[in-house]
Amino acid sequence: MTGTGKTVTRVDLCEAVYQKVGLSRTESSAFVELVLKEITDCLEKGETVKLSSFGSFMVRSKGERIGRNPKTGTEVPISPRRVMVFKPSAILKQRINGNTDAVGNGKDHDD
């Protein structure tokens, strides 16, 4: 799997909002930060964040399990924890794979 090597940062998102929405750079930055904070706050509370035509972010609880140190082979307990997972929508999957036939039809069955 090869990509372009480009990583999109907060600055890139703020600049995109500035260019496309017409807010000032300060307002664009505040807007992006507000959206990211809202998503983070919801995930911290264990809520699922579902963005239509994009996907869902959710928190899963993982139980304790036994892992293995790959260098020594020693078994090590891995403590229980919560992890964030992302499940892309069917529309996003199609766009990533270059299949634009069903893109934009407003139907998102894989959320």
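As shown above, the structure is provided for reference.
A brief structural summary.

Calculation notes
Residues numbered from 1 in each chain as written. Predicted model: local features only at pLDDT ≥ 70, side-chain atom pairs only at ≥ 80, totals over all residues. Heavy atoms only, no water. Helix = DSSP H or I, 4+ residues; strand = E, 2+ residues; numbered from the N terminus. Contact = heavy atoms within 4.5 Å. Areas by Shrake-Rupley, 256 points an atom, 1.4 Å probe, with all protein chains shown as cover. Axes fitted to C-alpha atoms, helices over the stretch in contact; angles between N-to-C directions. Parallel < 35°, antiparallel > 145°, perpendicular 65-115°, else oblique. Left-handed = near helix turned anticlockwise from the far one by under 90°. Pairing = 2+ DSSP bridges. Salt bridge = Lys/Arg side-chain N within 4 Å of Asp/Glu carboxyl O. Buried < 20%, exposed > 50% of the residue type's maximum accessible area, 1.4 Å probe, protein only.

### A short note on the overall build of the protein
So, point 1. A count of helical and extended segments in the protein gives 3 helices and 5 strands.
So, point 2. Of the regular secondary structure in the protein, the N- to C-terminal order runs α-α-β-β-β-β-β-α.
So, point 3. Once local pairs closer than 6 in sequence are excluded, the contacts in the protein between residues at least 24 apart make up 34%.
So, point 4. Here the protein has roughly 8,700 Å² of accessible surface; of this, 55% comes from carbon and sulfur atoms.

### Section: the packing of helix α1 (residues 10–21) against helix α2 (residues 25–44)
So, point 1. Put simply, α1 and α2 touch, their axes get as near as 8 Å, and they point 125 degrees apart. In terms of orientation, α1 lies oblique with respect to α2. Once α1 is placed against α2, the crossing between them reads as right-handed. Along the contact surface, α1 presents Arg 10, Leu 13, Cys 14, Glu 15, Val 17, Tyr 18 and Gln 19, while α2 presents Arg 25, Ser 28, Ser 29, Phe 31, Val 32, Glu 33 and Leu 36.

### Points about the sheet that holds strand β5 (residues 81–88)
So, point 1. Here we have 3 strands laid out as an open sheet, ordered β1-β2-β5, and antiparallel in their pairing. Each edge of the open sheet is held by one strand with a lone partner, namely β1 (49–51) and β5. Each strand of the sheet is rotated relative to its neighbour by a mean of 25 degrees, with strand direction disregarded.
So, point 2. Bridge count between β1 and strand β2 (residues 55–62): 3 bridges; the pairing is antiparallel. Its bridge partner being in β2, Lys 50 is matched across the sheet by Ser 56.

### Notes on the pattern of salt bridges
So, point 1. A full pass over the atoms with the stated rule returns 5 salt bridges.
So, point 2. Asp 12 serves as the salt-bridge partner of Lys 6, at 3.1 Å between the closest nitrogen and oxygen.
So, point 3. Of the residues examined, Lys 6 reaches a relative accessible area of 57% and is grouped as exposed.
So, point 4. Note on Asp 12: relative accessible area 28%, which makes it partly exposed.
So, point 5. Note that Asp 41 is salt-bridged to Lys 37, the shortest N-O span being 2.7 Å. Of this pair, Asp 41 and Lys 37 both sit in helix α2, 4 residues apart, which is roughly one turn of that helix.
So, point 6. A relative accessible area of 24% places Asp 41 in the partly exposed class.

### Description of the pairing of strand β3 (residues 65–68)
It is a general feature of regular strands that their side chains alternate between the two faces of the sheet.
So, point 1. In the sheet, β3 pairs with strand β4 (residues 75–78) via 4 bridges, with the strands oriented antiparallel. Bridge assignment links Gly 67 to a residue of β4, and that residue is Val 76.
So, point 2. Adjacent in sequence and paired antiparallel, β3 and β4 are bridged by 6 residues, among which Gly 73 carries a positive phi angle near 80 degrees.

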